[in-house]
Amino acid sequence: VAAEFKKMKMKKLKKGQRGFTLIEVLIVIALTGLIAGGLTTTIMQVLTMSHRTANRMTAVRQVQQAGFWVSPDVQMAQNVTPGEDSGFPLTLTWTEPGSGDLHEVIYSLEDLPSGEFKILWRKHYINYPNLDSTITVAEYIDVTIDPNTGKPKTNCVWDGSVLTFTVTATVG
């Protein structure tokens, strides 16, 4: 079987017709690179902002969670015993009306595995030493010293009638 090949003729440029010069091609490549770089930068900023917003929302949720657990316990407490320095461990006790059960709730801070932040734990005893529950109240708790107050960013202060419970969470 014989194959036939057709001769291909190269198109010749007509008089006055010209192609792109090397400089024109380089300019187009440079402009395309600038546009791609600008788009990449914009996308990266959007992703970074989204990550920061998610971290901020996680931190806010951790503080809300601490308030959710501490507030009713403090309202029930008949005795408040803060620990030394930052006020932790914080021990709250009360006797349940009706049943007479003695409740003791201890809030304590423990290191996260990274060691940078703490976990706020709540241990609830009914008729001590019977442990009723242990829960993680909040994570990413910041206990570094606040340069403005000289106190840890997370602390509790009991003045005999008012408990001031300050929680700072930092994520990212």
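A brief look at the structure comes next. What you are looking at is a predicted structure, and each value in this text was computed from that prediction instead of being measured.

**Observations concerning the sheet that holds strand S5 (residues 131-141)**
- Pairing is antiparallel in the open sheet, where five strands are placed in the order S1-S2-S3-S4-S5. Two strands bound the open sheet, and with one partner strand each, they are strand S1 (79-81) and S5. In this sheet, neighbouring strand axes are inclined to one another by 15° on average, regardless of whether the strands run parallel or antiparallel.
- In terms of strand pairing, S1 meets strand S2 (residues 90-95) through three bridges, oriented antiparallel. Among the inter-strand pairings, Val80 is bridged to a residue of S2, identified as Leu92.
- Along the sheet face, helix H1 (residues 22-76) touches S2, strand S3 (102-111), strand S4 (118-126) and S5 and points at about 145° away from the line of S5.

**Observations concerning the packing of aromatic side chains**
- Across all of its chains, the model carries three aromatic pairs by this definition.
- With a centroid separation of 5.5 Å and 90° between ring planes, the pair formed by Phe68 and Trp69 is classed as edge-to-face.
- The exposure class assigned to Phe68 is exposed, which follows from its relative accessible area of 56%.
- Residue Trp69 is classed as partly exposed on the basis of its relative accessible area, which comes to 25%.

**Some words on the environment of Thr48**
- The topology assignment puts Thr48 in helix H1.
- Thr48 gets classed as partly exposed once you look at its relative accessible area, which sits at 35%.

**Things to note about the side chain of Thr91**
- Residue position: Thr91 is located in strand S2.
- Overall, the relative accessible area of 18% leaves Thr91 in the buried class.
- Other than its neighbours up to four places away in sequence, Thr91 contacts Asn79, Val80, Thr81, Glu104, Val105 and Ile106.

**Section: the environment of Thr166**
- With respect to the secondary-structure elements, Thr166 resides in strand S7 (residues 163-166).
- For Thr166, the residues in contact, after removing those within four places along its chain, are Lys153, Thr154 and Asn155.

**As for the side chain of Asn55**
- For Asn55, the location among the structural elements is in helix H1.
- Residue Asn55 is classed as buried on the basis of its relative accessible area, which comes to 15%.
- Beyond its immediate chain neighbours, meaning those up to four positions away, Asn55 contacts Val171 and Gly172.

**Structural notes on H1**
- With 55 residues, H1 should reach 81 Å at 1.5 Å per residue; the first-to-last C-alpha distance of 82 Å fits that figure.
- Contacts made by the buried residues of H1 are with S2, S3, S4, S5 and S7.

**Focus on the pairing of S4**
- Note that S3 and S4 share nine bridges and pair antiparallel. Note that in S4 the partner of Leu109 across the bridge is Leu120.
- Taken together, S3 and the strand that follows it, S4, pair antiparallel across an intervening segment of six residues, in which Gly115 is found at a positive phi of about 85°.
- Looking at chain direction, S4 and S5 are connected through seven bridges and run antiparallel. Residue pairing across strands places Arg122 opposite Ile135, the latter belonging to S5.
- What sits between S4 and S5 in their antiparallel hairpin is a turn of four residues, with Asn127 showing a positive phi close to 50°.

Calculation notes
- Throughout this description, residue numbers start from 1 for each chain and increase along the sequence as written.
- Given that the model is predicted, a residue must reach a pLDDT of at least 70 before its local features are reported, and side-chain atom pairs must reach 80 or more before they are shown or counted; all residues, however, enter totals for whole chains, interfaces and linings.
- Excluding hydrogens and water, the side-chain values take into account all heavy atoms of the structure.
- Strands qualify as paired when DSSP identifies two bridges or more between them.
- Note on conventions: DSSP H or I runs of at least 4 residues are helices, E runs of at least 2 residues are strands, and numbering of each starts at the N terminus.
- For every element, the axis is a line fit to its C-alpha atoms; helices are fit only across the contacting stretch, and the angle between N-to-C directions ranges from 0 to 180 degrees.
- Pairs of residues are marked as contacts when any of their non-hydrogen atoms sit within 4.5 Å.
- Pairs were defined over the aromatic rings of Phe, Tyr and Trp, the Trp ring being its six-membered one, requiring ring centres within 6.5 Å. Orientation was assigned from the angle between planes: stacked under 30 degrees, edge-to-face over 60, tilted for the rest.
- Each residue is assigned to one of three classes by its accessible area relative to the maximum for its type, calculated with a 1.4 Å probe on protein chains only: buried under 20%, partly exposed between the two thresholds, exposed over 50%.
- The span you would expect from a helix comes to 1.5 Å times its residue count less one.

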